[in-house]
Amino acid sequence: MSFCFTAMLFLSQPILALDWACTHGHSGNIEYVNRVETLDRVHIGWGLQFDQKSGLVNWIHFAPPSSFGQKTRYVALQFSTGSVDAFIDNVDIYDLGVKVKQFTNLGWSGPQQIQILDLGEEMTFTALGISVEVKAGVESMSHEFTFNGACASK
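Residues numbered from 1 in each chain as written. Predicted model: local features only at pLDDT ≥ 70, side-chain atom pairs only at ≥ 80, totals over all residues. Heavy atoms only, no water.

**A few points about the overall build of the protein**
At step 1: The helix and strand inventory of the protein stands at one helix and eleven strands.
At step 2: Put simply, the protein runs from its N terminus to its C terminus through helices and strands in the order α-β-β-β-β-β-β-β-β-β-β-β.
At step 3: For the protein, with 154 residues in total, the buried portion stands at 44%.
At step 4: Within the protein, residue pairs in contact and separated by at least 24 positions form 74% of the contacts whose partners lie at least 6 positions apart.
At step 5: Within the structure as shown, the protein displays about 7700 Å² of accessible surface, and the carbon and sulfur contribution to it stands at 56%. (Helix = DSSP H or I, 4+ residues; strand = E, 2+ residues; numbered from the N terminus. Buried < 20%, exposed > 50% of the residue type's maximum accessible area, 1.4 Å probe, protein only. Contact = heavy atoms within 4.5 Å. Areas by Shrake-Rupley, 256 points an atom, 1.4 Å probe, with all protein chains shown as cover.)

Here's what the structure looks like:
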């Protein structure tokens, strides 16, 4: 069901109909597991889901399939958050250990969505990495994050 939903969204807009290489959400790695409220629901069959501890920041790292010399212009994330007090603020793009692009102050939150980032030009990668900064506020609201996938395309 989630795949069909994703496919419909990707095909509904011209930019989304490009050839995408994606990794499943459950392949995301949480950098600071001690900042996660509970680990019992983190990696599940349809994605990565966790509750971030109130008032803390974390990073989730994805490695979409890539090959040496791969050209990429767009990256995309499919995700949802439990409230406006749980949001994605920054996304960093890496080639091996070098940060090549940074997107800041995004403030993405809310129900299931796909967000696409334009790198501004086709870039050549050896090994593409997408690092996503998640933030949880201090309000008594849900700080749940769900990631269904991370993708790249030229």
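Having put the structure on the table, let's press on.
**Digging into unusual backbone geometry**
At step 1: At L96, a residue that is not glycine, the phi angle is positive and equals roughly 55°.
At step 2: Along the chain, L96 turns up in the loop between β7 (86–95) and β8 (98–103).
At step 3: Its relative accessible area of 57% is what places L96 among the exposed residues.
At step 4: In this model, N105 sits at a positive phi of 50°, which is unusual for a non-glycine residue.
At step 5: Tracing the backbone through its elements, the reader meets N105 in the loop between β8 and β9 (113–125).
At step 6: A residue is classified by how much of its surface remains accessible, and N105, at 63% relative accessible area, is exposed.

**Observations regarding the confidence of the model for the protein**
At step 1: In this model, the protein carries a mean pLDDT of 88, and residues with pLDDT of at least 70 account for 88%.
At step 2: pLDDT under 50 marks residues 1–12. Its contacts with residues more than four places away, or in other chains, come to 15 contacts. (pLDDT = per-residue confidence, 0-100.)

**Some words on the state of the cysteines**
At step 1: If you walk through the whole model with that rule in mind, you get one disulfide.
At step 2: Two residues share a disulfide in this structure: C22 and C151, whose sulfurs sit 2.1 Å from each other. In this structure the cystine formed by C22 and C151 twists about its S-S bond by roughly 110°; its chirality is therefore right-handed. You can see C22 sitting in strand β1 (residues 20–24) and its partner C151 sitting in strand β11 (residues 144–153), a full 129 residues away along the chain.
At step 3: Given the relative accessible area of 38%, C22 is considered partly exposed. (Disulfide = S-S within 2.5 Å.)

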